[in-house]
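What follows is the residue order along each chain.
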Amino acid sequence: MKKLLSALLSCAMIMGLAAGCGGSSTGSTSASPSDDGAKTVKIGVYEPATGDSGPGGKQEMLGMQYANKETPTVKIGDDTYNVELVYADNASSTDKAVSAASELVSQGVSIVLGSYGSSVSIAAGPTFDEAGLAAIGVTCTNPNVTANNDYYFRICFLDPFQGTVLAKFANEKFSAKTAYCLGELGNEYDQGLITYFEQAFTAAGGQVIKDSFPTNNSDFTSYLNKAKTANADVIFCPVSVAYSTQIVSQAASLGMQIPLLGGDTLDNNKVLAATKDTDVKLYVSTFYQEGGSEEFDTGIKEWINSDSTAKTNNGGDDTIAAVTAMGYDAYYVALEAMKAAGSTDAAAVKAALPSLTYTGVSGKIAFDSTGDAIRDTAYIKVADNANGAWKLETVQKAD
């Protein structure tokens, strides 16, 4: 069955993160003793701490860091190991992806978590494959992350599902007949999700108008005015946090009444803050809604509010992003894989993943033959502009 077979970051650490890194740089995946004499196993964290996806990457890492604080050890076979998170910043860039992945390989990690962002996950895949190192994608939703890639698994739903869910929502909520779709040129996440949205929307009889903006664009008024001129019923813009905050702010300044729809990347405090005290109607699809696990919600909020760095990395408040819940679950899936393998050896851990099942705060996690999570539920949230909070609009399931 597929997947049954088959980087050196210093402890200066990624700026602003709440947890440190360290350990040997031998490249071996054998456990090493820590200062207290206990053995240590390393989990690689391949995430963006900088660049356009930095805010989302930091929130995803918060879930891993909280889980590591909550459960800092794991029993593997007859031994108990301290769990060390080892970080590599892919900087939201495919140009930095390979070197960041290589840093984790050189650190001798037993498994990798990440990344927030499909493009950087796809770019790093061959590096993990060559090293025989399994990676668990947390919220990288593009199908190409795992397609024909024996080394990558993931715990999130995929863009064909997410795009279909959002197209269905546009039809049911707004009786939409014309959708204006906007994404970054060359971005695999944006363009892939737009493709799947278009397929579902046009199959239901709708019309799609598409545009792409260049990287580092900051003025979206011409695109928004084009949507208005086209009498679009919805604007679908599944873009990064950096771009989406600008789109929301500029839509507000133009007095736009057309609802904005976004994918999971828009489920972010900074995007939410951009809607506050405006008339912008913003809806996003995502993996988790506060209230899904009272114990998790209470615990992580207490931690965020007690740790100034964690609060900063969460956007300045204690709103729980779905990617944080997913990062939390991914950490525990990694622990379960090592326990099932009975070893810290990367090959053994990789071989244990396909048959693994785990019920986390975001739901039950199991893998299909491609290594993708078996998921059929998305949460559609709407921005409560008056209170600066997300409200659950509806829960959407696959047909």
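Residues numbered from 1 in each chain as written. Predicted model: local features only at pLDDT ≥ 70, side-chain atom pairs only at ≥ 80, totals over all residues. Heavy atoms only, no water.

(A) Layout of the environment of K276. Secondary-structure assignment places K276 in the loop between α8 (269–275) and β12 (282–286). Expressed as a C-alpha distance, the spacing of K276 and N148, which sit 128 residues apart in the sequence, is 43 Å. In contact with K276, not counting residues within four places along its chain, are N385, A386, N387 and G388. (Helix = DSSP H or I, 4+ residues; strand = E, 2+ residues; numbered from the N terminus. Contact = heavy atoms within 4.5 Å.)

(B) View of the environment of C237. Within the secondary structure, C237 sits in the loop between β10 (234–236) and α7 (241–253). By relative accessible area, C237 is classed as buried at 1%. In sequence terms C237 and L193 are 44 residues apart; their C-alpha atoms lie 9.4 Å from each other. Look past the residues within four positions of C237 in its chain and what remains in contact with it is L182, I247, L261, G262 and L266. (Buried < 20%, exposed > 50% of the residue type's maximum accessible area, 1.4 Å probe, protein only.)

(C) Highlighting the side chain of D267. Counting through the fold element by element, D267 comes out in the loop between β11 (260–262) and α8. Within polar-contact distance, the side chain of D267 engages the side chain of T286 at 2.8 Å. Non-local contacts of D267, meaning those with residues more than four positions away in its chain, are made with Q59, V284, T286, A321, A322, K381 and W390. (Polar contact = N/O pair within 3.5 Å; in protein donor to acceptor, adjacent residues only side chain to side chain.)

(D) Fine view of helix α5 (residues 188–203). Taking 1.5 Å of rise per residue, 16 residues should cover 22 Å, and α5 covers 22 Å from first to last C-alpha, within 8% of that figure. Listed in full, the buried residues belonging to α5 are Y189, D190, G192, L193, I194, F197, A200 and F201. Close packing links the buried residues of α5 with α3 (118–130), α4 (159–174), β8 (178–184), β9 (207–213), β10 and β11. Two to three positions downstream of the cap, the backbone nitrogen of Y189 sits 3.0 Å from a side-chain oxygen, assigning the N-cap of α5 to N187. Count one or two residues on from α5 and you reach G205, which has phi positive near 100°. (Expected span 1.5 Å × (residues − 1).)

(E) Layout of the confidence of the model for the chain. Taken as a whole, the chain shows an average pLDDT of 91; of its residues, 90% reach a score of 70 or greater. Predicted confidence is poor over residues 1–30, with pLDDT under 50, and the contacts of this stretch with residues over four places away or in other chains come to 98 contacts. (pLDDT = per-residue confidence, 0-100.)

(F) Just the pattern of salt bridges, in detail. If you walk through the whole model with that rule in mind, you get 11 salt bridges. K173 is the partner of E393 in a salt bridge, and the nearest nitrogen-oxygen pair spans 2.9 Å. With E393 in strand β16 (residues 389–397) and K173 in helix α4, the pair connects residues that are 220 residues apart, well separated along the chain. Under the relative-accessibility criterion, K173 is labelled partly exposed at 39%. Linking E198 and K210 is a salt bridge whose minimum nitrogen-to-oxygen distance equals 3.0 Å. Here the residue E198 occupies a position in helix α5, and K210 occupies one in strand β9, the gap between them amounting to 12 residues. A residue is classified by how much of its surface remains accessible, and E198, at 22% relative accessible area, is partly exposed. Among the residues examined, K210 registers a relative accessible area of 45% and is labelled partly exposed. (Salt bridge = Lys/Arg side-chain N within 4 Å of Asp/Glu carboxyl O.)

(G) Representation of the nonpolar core within the structure. Grouped together as the largest cluster of nonpolar side chains are 106 residues, with contacts concentrated most on I43 and L353. For this core, the element with the most residues is helix α11 (residues 322–341), which contributes 13 residues. In this structure L353 touches I111, A134, I136, F153, V333, A337 and F367, once residues within four positions along its chain are discounted. (Core = buried A, V, L, I, M, F, W, Y, C linked by side-chain atoms within 4.5 Å.)

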